[in-house]
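# Notes for the structure review
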Amino acid sequence: MTATLTLTEDDVRAALSTVVDPELDEPITDVGFVRSVTVDGSVVEVHLRLPTSFCAPNFAWLMVSDAQDALRALPGAGRVVVELDDHHDSDLINAGLAADAGYRGTFGHEAEDSLDELRATFRRKAHTAAMERALTAWLRADPARAEDAVGALLLRDLPAGPVTDALLDRRAALGLPVDPTSPVLLAPDGTRPPAGAVTATLRRARSVRISVDGNAHFCRGLLTTRYPGAEADQTPRPSIDSRPLLPLEVLS
Amino acid sequence: MTQLALDEPAPVEEDGVYSKDGEDYFIVDAHIALWDARPENQLNVHGKQFIDCFYDYHRNLSPESEVWPYEEYLYQGGERLMRDVFGNGVVDHAVFQPARLGEFYARGFGQTEEAFALTQAHPDKLTYNHWFDPRDGERGLDQLREDAERFGLKGVKLYTADWHGDSRGWKLNDPMAYRYFELCRELGITNIHVHKGPTIRPLDRDAFDVADVDHVATDFTDLQFIVEHCGLPRLEDFCWIATQEPNVHAGLAVAIPFIHTRPRYFAQIMGELVYWLGEDRILFSSDYALWTPTWLVERFVDFQIPADMTEYGPLTTAVKKKVLGLNAAKLYGIPVPPELQLPDADETATGPREPGSADLAMA
């Protein structure tokens with residue numbers, strides 16, 4: 001049998017698009033964190049970059065190690081080299097990756113906890129933000145709708161579209177129910193809040209969504225400042241890019 | 001070290017209250033620095049990376065007319081600071097919030113002697129806050145006593161993500177930190193500014209995690225905790241803690257320049273802060289020399305929540321006056337002309353402060 005698998009740059013980028021920045025809830029390919037991809041036969045070399053030298057090393061480790069795992073799983077991939085450039089821990093992280101030392105093996109005494117909890121925390125935040133986007137879109141669609149009405153809203157009441165799809169994806173990732181008769185509004189622990197807590201739950205979800213979107217504003221902007229031209233590698237993020245910037249003086 | 005000529009105070013124009021549309025504002029910049037990041041003070045590559053990171057913030061979020069050349073950004077000196085912060089009469093009073101960063105800079109990042117000398121030359125305009133680090137142990141406690149007496153400290157700036165030997169961070173609720181807070185209480189250092197925001201991030205000792213603020217705010221109700229950068233990038237965690245703890249305040253450093261590049265995002269930050277904390281606990285900060293205060297003050301006075309964001313009430317002139325100066329003046333006992341003062345809002349001690357202003361359907 002002579003099945004020849006020819007690995008292409010597109011294959012590599014497709015694999016990298018499954019790697020997510022946990023804090024921004026976006027693929028590293030969309031935010032422009034992929035600096036370069038080279039494929040030479042079965043040898044793959046990828047360089048990643050981040051918005052500042054001081055981006056959290058635990059987040060950096062999550063992304064670069066996820067990238068390494070995704071590339072090693074590619075059919076036809078042989079030697080895989082993933083390197084993080086221009087970070088204060090670049091040397092440490094790159095050496096740890098090359099040696100398969102793992103997070104704790106790389107960072108030693110500083111890495112007291114596993115990264116699983118960090119990952120889970122941000123999955124929950126990603127879900128909460130997606131839920132708030134869906135609920136606020138529903139509220140805005142009709143001025144007569146009141147905030148406390150979202151407590152009774154079911155998944156089947158949401159309009160089809162990317163906002164609802166994103167919510168369903170994030171529910172599925174957390175093992176939350178996705179059937180049409182499930183309530184949309186869920187507390188951070190996945191339970192349905194009591195009637196008296198509906199507005200407060202929505203309001204807290206809103207602050208989570210603003211945080212997630214705000215980090216996207218900051219990281220995307222800083223990356224393009226640090227690496228001129230990086231904006232060409234970024235895919236617009238609907239939740240922050242869909243509205244035009246305001247004039248600087250509005251209302252009074 | 002660059003000497004500040006104390007016998008020749010920097011020229012500063014006469015006081016002028018900032019006025020717009022017939023309204024007078026008393027401005028307190030609650031977070032400024034006099035730093036030295038020039039190559040001769042950098043200990044290692046991290047010192048360069050740190051200031052480069054700041055410079056990227058500066059370039060990314062400033063209007064083009066306000067962007068400085070890199071060389072000027074490395075160090076400003078007292079004369080330029082006085083001109084930039086007070087020169088045109090925009091700021092009435094400013095508070096130094098220095099960071100040590102002793103692992104990155106030979107003489108530290110914040111320039112203690114130079115800043116303090118400037119404060120002594122302009123006591124009506126400047127307040128000097130210093131720092132402490134509980135990893136300095138018992139010796140640091142003695143040092144804090146000396147510093148409090150010498151500088152007349154009313155506040156400190158804590159940088160929990162600072163590196164120190166093998167450690168890349170500490171928490172406010174570490175047992176040794178409690179010893180320092182007890183001493184602060186004894187010495188009358190009531191304003192505890194805590195950096196919770198972007199820049200350095202240690203590993204598990206997560207510098208962004210504001211949970212430690214919750215612990216100390218509960219245990220030291222007579223101290224005021226001003227969370228710089230209002231918890232960004234964890235705004236929601238910060239708001240939730242501040243809602244429950246009346247002695248937790250939001251500093252707008254690094255958040256306020258979004259008013260230029262991302263005004264809708266900034267409107268959301270302000271909307272959230274007013275909703276959860278109310279109007280009496282939000283403090284204007286330029287974070288000079290990250291940004292100069294003048295354009296930020298001007299933009300903020302002109303700013304309004306966009307009409308389509310019906311989930312938030314509008315920012316009233318009274319809210320703006322409190323944020324721009326009155327709230328900080330109250331914490332620091334800075335005299336404010338009687339005609340510029342405003343009463344505290346009539347708000348609950350805990351829980352969302354302005355829930356009534358916030359329902360999409362009420363618009």
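For the structure itself, consult the block above.
Residues numbered from 1 in each chain as written. Chains lettered and ligands numbered in written order. Predicted model: local features only at pLDDT ≥ 70, side-chain atom pairs only at ≥ 80, totals over all residues. Heavy atoms only, no water.

### Some points on the overall build of chain A
The helix and strand inventory of chain A stands at nine helices and five strands. Counting from the amino terminus, chain A carries its helices and strands in the arrangement α-β-β-α-β-β-α-β-α-α-α-α-α-α. For the C-alpha atoms alone, the extent of chain A along its principal axes is close to 60 × 50 × 45 Å. Here chain A holds 252 residues, and 51% of them are scored as buried. Sequence-distant contacts, at least 24 apart, represent 64% of the contacts inside chain A between residues at least 6 apart. When the accessible surface of chain A is summed, it comes to about 11,300 Å², and 54% of that surface belongs to carbon and sulfur atoms. (Helix = DSSP H or I, 4+ residues; strand = E, 2+ residues; numbered from the N terminus. Buried < 20%, exposed > 50% of the residue type's maximum accessible area, 1.4 Å probe, protein only. Contact = heavy atoms within 4.5 Å. Areas by Shrake-Rupley, 256 points an atom, 1.4 Å probe, with all protein chains shown as cover.)

### Let's talk about the packing of aromatic side chains
For the structure on display, the rule yields 37 aromatic pairs over all chains. Between Phe218 of chain A and Phe258 of chain B, the aromatic rings sit 5.5 Å apart at their centres with planes inclined by 65°, giving edge-to-face as the arrangement. Taken together, the positions of Phe218 of chain A in helix α8 (residues 198–226) and Phe258 of chain B in helix α9 (residues 258–261) put the pair across two chains. Accessibility assignment for this pair places Phe218 of chain A and Phe258 of chain B in one class, buried. Measuring from ring centre to ring centre gives 5.1 Å for Tyr105 of chain B and Phe109 of chain B, while their planes differ by 35°; the resulting arrangement is tilted. Of the two residues examined, Tyr105 of chain B and Phe109 of chain B, each falls in the buried class. Looking at Arg203 of chain A, its charged tip hangs above the ring of Tyr275 of chain B, at a distance of 4.6 Å from the centre. Just above the ring of Trp240 of chain B sits the side chain of Arg204 of chain A; from NZ or CZ to the centre is 3.6 Å. (Phe/Tyr/Trp six-rings, centres within 6.5 Å; stacked < 30°, edge-to-face > 60°. Lys NZ or Arg CZ within 6 Å of the ring centre and 35° of its normal.)

### Examining the sheet that holds strand β6 (residues 155–158) of chain B
Residues and elements named next belong to chain B. Reading across from one edge, β6-β7-β8-β9-β10 is the order of the five strands in this open sheet, with parallel pairing throughout. The outermost strands of the open sheet, each flanked by one partner alone, are β6 and β10 (282–283). Along the sheet face, helix α10 (residues 263–277) touches β9 (248–251) and β10 and points at about 165° away from the line of β9. (Pairing = 2+ DSSP bridges. Axes fitted to C-alpha atoms, helices over the stretch in contact; angles between N-to-C directions.)

### A closer look at the nonpolar core
Counting 114 residues, the largest nonpolar core has Trp35, Phe109, Phe181, Ile192, Phe225, Phe238 and Leu273 of chain B as the members making the most contacts within it. Ranked by residues supplied to this core, first place goes to α10 of chain B with ten residues. Residues contacting Phe238 of chain B, with those up to four places away along its chain left out, are Val210, Val227, Cys230, Gly231, Val248, His249, Ala250, Leu273 and Leu277 of chain B. Grouped together as the second largest cluster of nonpolar side chains are 43 residues, Trp61, Val80, Phe107 and Tyr227 of chain A included. (Core = buried A, V, L, I, M, F, W, Y, C linked by side-chain atoms within 4.5 Å.)

### Some thoughts on the packing of helix α6 (residues 116–140) of chain A against α8 of chain A
Residues and elements named next belong to chain A. Remark: α6 packs on α8, axes separated minimally by 8 Å, with the N-to-C direction vectors making an angle of 110°. Considered as vectors, α6 and α8 are oriented roughly perpendicular to each other. Judged by the sense of rotation from one axis to the other, the crossing of α6 with α8 is left-handed. The segment α6 lies against α8, with Lys125, Thr128, Ala129, Met131, Glu132, Arg133, Leu135, Thr136 and Leu139 engaging Leu202, Ala205, Arg206, Val208, Arg209, Val212 and Asp213. Residues belonging to the contact of α6 with α8 are distributed by class as follows: eight nonpolar, two polar and six charged. (Parallel < 35°, antiparallel > 145°, perpendicular 65-115°, else oblique. Left-handed = near helix turned anticlockwise from the far one by under 90°. Nonpolar A, V, L, I, M, F, W, Y, C, P; charged D, E, K, R; others polar.)

### Quick word on the sheet that holds strand β4 (residues 93–96) of chain B
The pairing of strands in a sheet comes from backbone hydrogen bonds and takes either a parallel or an antiparallel form. All names here are of chain B. Strand order in the open sheet formed by three strands is β3-β4-β5, with parallel pairing between adjacent strands. The strands lining the two open edges of the sheet, one partner per strand, are β3 (28–32) and β5 (126–128). Here the strands of the sheet are splayed against their neighbours by 20° on average, with no regard to which way each runs. Of the pairings in the sheet, the one linking β3 to β4 comprises three bridges and is parallel in character. Its bridge partner lying in β4, Val28 is registered against His93. Contacts from helix α3 (residues 77–86) reach β3, β4 and β5 within the one sheet, and its direction differs from that of β4 by about 130°. Each of β4 and β5 is contacted by helix α4 (residues 112–121), which is oriented at about 140° to β5, the strand it contacts most.

### Section: the side chain of Gln234 of chain A
All names here are of chain A. Turning to its location among the elements, Gln234 is positioned in the loop between α8 and α9 (238–241). Gln234 sits in the buried class, given a relative accessible area of 16%. With residues near it in sequence (within four places) discarded, Gln234 still touches Asp30, Val31, Gly32, Arg220, Leu223 and Thr224.

### Some points on the pairing of β6 of chain B
Neither face of β6 of chain B is open: one carries Gly155 and Lys157 of chain B, the other Val156 and Leu158 of chain B, and all of them are buried. Running through helix α6 (residues 175–187) of chain B, the crossover from β6 of chain B to the neighbouring parallel element strand β7 (residues 191–195) of chain B is right-handed. (Right-handed = clockwise from strand over helix to strand, strands pointing away.)

### Some details on the pairing of β7 of chain B
All names here are of chain B. Burial analysis of β7 places five of its five residues in the buried class, which makes it a mostly covered element. With burial as the criterion, each face of β7 is covered, one bearing Asn191, His193 and His195 and the other bearing Ile192 and Val194. As paired elements, β6 and β7 share four bridges and run parallel to each other. Counterpart to Val156 in the pairing with β7 is Ile192. Here β7 pairs with strand β8 (residues 224–228) via five bridges, running parallel. Across the sheet, residue Asn191 finds its bridge partner in β8, namely Gln224.

### What to know about the side chain of Ser286 of chain B
Residues and elements named next belong to chain B. Relative to the helices and strands, Ser286 is located in the loop between β10 and α11 (293–302). Here Asp29 takes part through its side chain, which lies 2.5 Å from a polar atom of the side chain of Ser286. Polar contacts involving the side chain of Ser286 include one to the main-chain amide nitrogen of Tyr288, which spans 2.9 Å. Ser286 has contacts with Asp29, His31, Ile32, Trp291, Thr292, Pro293 and Leu296, leaving out every residue within four places of it along the chain. (Polar contact = N/O pair within 3.5 Å; in protein donor to acceptor, adjacent residues only side chain to side chain.)

### Some points on the pattern of salt bridges
All names here are of chain B. The full count for this structure, using the stated rule, is 42 salt bridges over all chains. Residue Glu23 pairs with Lys321 through a salt bridge whose shortest N-O separation is 2.7 Å. Here Glu23, found in strand β2 (residues 23–25), pairs with Lys321, found in helix α12 (residues 317–332); they are 298 residues apart in sequence, far enough to count as distant. Since its relative accessible area comes to 30%, Glu23 is described here as partly exposed. Classification of Lys321 by relative accessible area gives buried; the value is 15%. Two residues, Arg80 and Glu72, come together in a salt bridge whose shortest N-O distance is 2.6 Å. Residue classification places Glu72 among the partly exposed residues on the basis of a relative accessible area of 32%. (Salt bridge = Lys/Arg side-chain N within 4 Å of Asp/Glu carboxyl O.)

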